[in-house]
Amino acid sequence: MFKRRHKISRLRQAIDAIMPQKGWRRRLKYFYKRTIRLKGSPHSIAAGVACGVAVSFTPFYSIHLVITFIACRMMNGNWIASVIAASVGNPVTFPPIIALNYQVG
């Protein structure tokens, strides 16, 4: 019922990921509203965020999302919240995280 009449090609999807047709403001507003409207109990959302932030401090940079998903499943957390929280580990925050991991041992 809610499908498109004409499927969007993979090339068009890739272009939209880089340069949205409706603009970045609308895309960011959509992600904000989707984050605010996460389904689940406060406990599951908090568990997901805790898993995401904890995993972003590990030195396993290439598999953060996989570890986040596994940890979130073990704690019955919201996996969307955990993936969003895992984005704490981005290139801007990696140098302080690496320095802290090195100091801790």
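Refer to the preceding data block for the structure.
So, a few notes on the structure that sits alongside this text. From a predicted model like this one, the values you see are computed outputs, not experimental measurements. (Residues numbered from 1 in each chain as written. Predicted model: local features only at pLDDT ≥ 70, side-chain atom pairs only at ≥ 80, totals over all residues. Heavy atoms only, no water.)

### Some remarks on the overall build of the protein chain
Our working definition: Secondary structure elements are defined from DSSP: runs of H or I of at least 4 residues count as helices, runs of E of at least 2 residues count as strands, and each element is numbered from the N terminus. As a reference, a globule follows 2.2 Å times the number of residues to the power 0.38, and the radius of gyration itself is taken over C-alpha atoms. Relative accessibility thresholds used throughout: buried, under 20% of the residue-type maximum; exposed, over 50%; partly exposed, between the two (1.4 Å probe, protein chains only). In this description, contact between two residues means that some pair of their heavy atoms is separated by no more than 4.5 Å.
Summing up its helical and strand segments, the protein chain has six helices and zero strands in all. Starting at the N terminus and walking to the C terminus, you meet the elements of the protein chain as α-α-α-α-α-α. For the protein chain, the C-alpha radius of gyration of 17 Å lies well beyond 13 Å, the compact-globule estimate for 105 residues. Seen along its three principal axes, the alpha-carbon backbone of the protein chain occupies a region of about 55 × 30 × 20 Å. Residues classed as buried in the protein chain amount to 22% of the 105 residues present. Long-range contacts, defined here as pairs at least 24 residues apart, represent 60% of the contacts in the protein chain between residues at least 6 apart.

### So, the side chain of T68
Tracing the chain through its elements places T68 in helix α4 (residues 64–74). Here T68 falls in the buried class, since its relative accessible area comes to 0%. When sequence neighbours within four positions are dropped, the list of residues in contact with T68 reads G52, V55, S82, V83 and A86.

### Structural notes on the environment of V83
In this structure, V83 sits in helix α5 (residues 79–86). In sequence terms V83 and G52 are 31 residues apart; their C-alpha atoms lie 6.0 Å from each other. If we ignore the near neighbours within four places in the chain, the residues touching V83 are L65 and T68.

### What about a nonpolar patch on the surface?
Note the threshold: Residues with no salt bridge and a relative accessible area higher than 30% make up the patches, which join like charges within 9 Å and nonpolar side chains (Val, Leu, Ile, Met, Phe, Trp, Tyr) within 5 Å. Areas reported as accessible are Shrake-Rupley estimates using a 1.4 Å probe. Residue values count occlusion only from the protein chains shown. In the sections that follow, a salt bridge refers to a side-chain nitrogen of Lys or Arg positioned within 4 Å of a carboxyl oxygen of Asp or Glu.
On the surface, a nonpolar cluster with roughly 980 Å² of combined accessible area is contributed by F60, I63, L65, V66, F69, I70, M74, M75, W79 and V83. Elements with a contribution of two residues or more to the nonpolar patch: α4 and α5. The element best represented in the nonpolar patch is α4, accounting for five residues. Looking at the element boundaries, L65 is found in helix α4.

### As for the pattern of salt bridges
For the coordinates displayed, the defined rule picks out one salt bridge. A salt bridge links R12 to D16; its shortest N-O distance comes to 2.8 Å. One end of the pair is R12 and the other is D16, both in helix α1 (residues 10–18) and four residues apart, which spans about a single turn. Owing to a relative accessible area of 30%, R12 belongs among the partly exposed residues under this scheme. Accessibility expressed as a relative area gives 15% for D16, which makes it buried.

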